[in-house]
Amino acid sequence: MRVLFHPEFPTMEGYTLVALLHELDWQGVQPLDMKPADEGFDIAVHWADRTWMEADPQLDAIAERMPVWNIDCTDISKRHVDAVQRAIFGHGAEVDPRTWHGRCAVKTDENARGRGGVVDCPIDDPDPRMVYQRLIPCTEEGRTVNYRVPVIAGTLPLCYVLDRAPIVEHLKTEATACRLVETDDLFSEDEQRKILAFCDALGLDFGELDVLRDDADGRLYIIDANKTPAGMGI
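Residues numbered from 1 in each chain as written. Predicted model: local features only at pLDDT ≥ 70, side-chain atom pairs only at ≥ 80, totals over all residues. Heavy atoms only, no water.

Chemist: Provide a residue-level description of the pattern of salt bridges, including the pertinent values.
Modeler: A full pass over the atoms with the stated rule returns 18 salt bridges. The shortest N-O distance in the salt bridge between Glu 208 and Arg 148 comes to 2.6 Å. Placement of Glu 208 in strand 12 (residues 206-213) and of Arg 148 in strand 9 (residues 143-152) is noted, with a sequence separation of 60 residues between them. Comparing Glu 208 with Arg 148 shows no difference in burial state: the two are buried. In this structure, Asp 210 engages Arg 148 in a salt bridge whose closest nitrogen and oxygen atoms are separated by 2.9 Å. Of this pair, Asp 210 sits in strand 12 while Arg 148 sits in strand 9; the two residues are 62 residues apart in sequence, bridging distant segments of the chain. For the pair Asp 210 and Arg 148, one class covers both residues: buried. One continuous salt-bridge network, built from bridges that share partners, spans Glu 140, Glu 141, Arg 143, Asp 163 and Arg 179. (Salt bridge = Lys/Arg side-chain N within 4 Å of Asp/Glu carboxyl O. Helix = DSSP H or I, 4+ residues; strand = E, 2+ residues; numbered from the N terminus. Buried < 20%, exposed > 50% of the residue type's maximum accessible area, 1.4 Å probe, protein only.)

Chemist: Account for the packing of aromatic side chains, with residues named and values stated.
Modeler: Think of a pair of aromatic rings as described by two things: how far the centres are apart, and how the planes are tilted against each other in angle. Counted by the stated rule, this structure contains five aromatic pairs. Here the aromatic rings of Tyr 15 and Trp 47 are separated by 5.0 Å at their centres, their planes lie at 90°, and the arrangement is edge-to-face. In this pair, Tyr 15 is assigned in the loop between strand 1 (2-7) and helix 1 (16-24) and Trp 47 in strand 3 (residues 43-47), connecting sequence segments 32 residues apart. As far as the burial class goes, Tyr 15 and Trp 47 line up, both buried. Taking 5.7 Å as the distance between ring centres and 0° as the angle between the ring planes, the aromatic pair formed by Trp 69 and Phe 206 counts as stacked. Pair noted here: Trp 69 is in strand 4 (residues 68-69) and Phe 206 is in strand 12, with a separation of 137 residues, a long-range link. In this structure, Trp 69 and Phe 206 share a single accessibility class: buried. What links up through ring pairs into an aromatic cluster is the set Phe 5, Phe 9, Tyr 15 and Trp 47. (Phe/Tyr/Trp six-rings, centres within 6.5 Å; stacked < 30°, edge-to-face > 60°.)

Chemist: Please provide a residue-by-residue account of helix 3 (residues 78-89), values included.
Modeler: Note that an α-helix has 3.6 residues per turn; residues three or four places apart therefore point the same way. For helix 3, with 12 residues, the first-to-last C-alpha span of 16 Å sits near the 16 Å given by 1.5 Å per residue. Considered for burial, the residues of helix 3 that qualify are Lys 78, Val 81, Asp 82, Val 84, Gln 85 and Phe 89. One side of helix 3 carries all its buried residues, which in axial view fall inside an arc of 160°. Lining the buried residues of helix 3 we find strand 5 (102-108), strand 7 (130-134), helix 5 (189-202) and strand 13 (220-226). In the stretch just after helix 3, Gly 90 is the one whose phi turns positive, near 85°. (Expected span 1.5 Å × (residues − 1). Arc of directions from axis to C-beta. Contact = heavy atoms within 4.5 Å.)

Chemist: Give me the sheet that holds strand 2 (residues 27-29): which residues, what numbers.
Modeler: Strand pairing in a sheet relies on backbone hydrogen bonds, with the paired strands running either antiparallel or parallel. The sheet built from four strands is open, its strands ordered 2-1-3-4 with parallel pairing. Each edge of the open sheet is held by one strand with a lone partner, namely strand 2 and strand 4. Direction of pairing for strand 1 relative to strand 3: parallel, over a ladder of five bridges. Looking at the pairing, Val 3 lines up with Ile 43 of strand 3. (Pairing = 2+ DSSP bridges.)

Chemist: Break down the nonpolar core for me, citing the residues and quoting the values.
Modeler: The tendency in soluble globular proteins is for nonpolar side chains to be buried as a group. Core analysis: the biggest nonpolar cluster contains 31 residues, and Tyr 147, Phe 187, Phe 198 and Leu 209 have the highest contact counts within it. Secondary-structure elements contributing two or more residues to this core are helix 3, strand 9, strand 10 (159-164), helix 5, strand 12 and strand 13. With near-sequence residues (within four places) excluded, Phe 187 lies in contact with Tyr 147, Val 149, Cys 159, Gln 192, Ile 195, Val 211, Arg 213 and Leu 220. (Core = buried A, V, L, I, M, F, W, Y, C linked by side-chain atoms within 4.5 Å.)

Chemist: So what's going on with the side chain of Ser 77? Which residues, and what values?
Modeler: For Ser 77, the position within the fold is in the loop between strand 4 and helix 3. A distance of 2.7 Å separates polar atoms of two side chains, one belonging to Ser 77 and the other to Asp 75. With residues up to four places along the chain from it excluded, the contact list for Ser 77 reads Thr 51, Trp 52 and Asp 109. (Polar contact = N/O pair within 3.5 Å; in protein donor to acceptor, adjacent residues only side chain to side chain.)

Chemist: Can you explain the pairing of strand 13? Please cite residues and give values.
Modeler: The buried fraction of strand 13 is high, at seven of seven residues. Judged from the six bridges that link them, strand 12 and strand 13 form a sheet pairing that is antiparallel. Across the sheet, Arg 213 pairs through a bridge with Leu 220, a residue of strand 13.

Chemist: Which residues make up helix 5, and what values go with them?
Modeler: With 14 residues, helix 5 should reach 20 Å at 1.5 Å per residue; the first-to-last C-alpha distance of 20 Å fits that figure. Here helix 5 has its buried residues at Glu 191, Gln 192, Ile 195, Phe 198, Cys 199 and Leu 202. The buried residues of helix 5 occupy one face: seen down the axis, they fall within an arc of 115°. Those residues of helix 5 that are exposed and aimed more than 90 degrees away from the buried face are Glu 189 and Asp 200. Looking at the buried positions of helix 5, the neighbouring elements they touch are helix 3, strand 9, helix 4 (183-186), strand 12 and strand 13. Among the residues trailing helix 5, Gly 203 stands out with phi positive, at a value near 80°.

Spelled out as structure tokens, the structure:
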């Protein structure tokens, strides 16, 4: 199998999809403007490590005859992810920091940029460049955890449970342990249906989600979507 990457080619060994291609002995093909005209491929991926992407007419044409993963996944910003979460699950994490009372996670709207921080709300002068989300406690037996959920072509094949150091000042804390679990062991059938509906609405055919289960009410929150995942979220 040959997989076309466009408009960019993954150059980092740590990308999950690169590891999968190595394991399957599949070959990655360079972007359309870099490949020989006669070099064929079996599937394409709309690939670039960016938060926002434009539609690509060349990939639109390819999609008429073969799968193009993530062709419709053009916005994985924090605000858009939260809006899709609200549409599918009926609740989200983003709050107005001027009126919310409690601890808030502060993040850039751009995906995977910086470690984020924590503030006590309400505050008088929120930064308009930042996204404010209620801090969602997710623990197992007293340990801080988050769930990393791979998505592959409409399936949730497995999940990683990441134990993390407690959040104090920064959101991105060290992972102290990682274990693989069956998806059915973490999420109900209805929750899995909603997670896949979220992916469909986001246009995410391949990627990974960061999911939290609120200790207080048991509801799920998808707080991050990554279409170029690497390192199992560690």
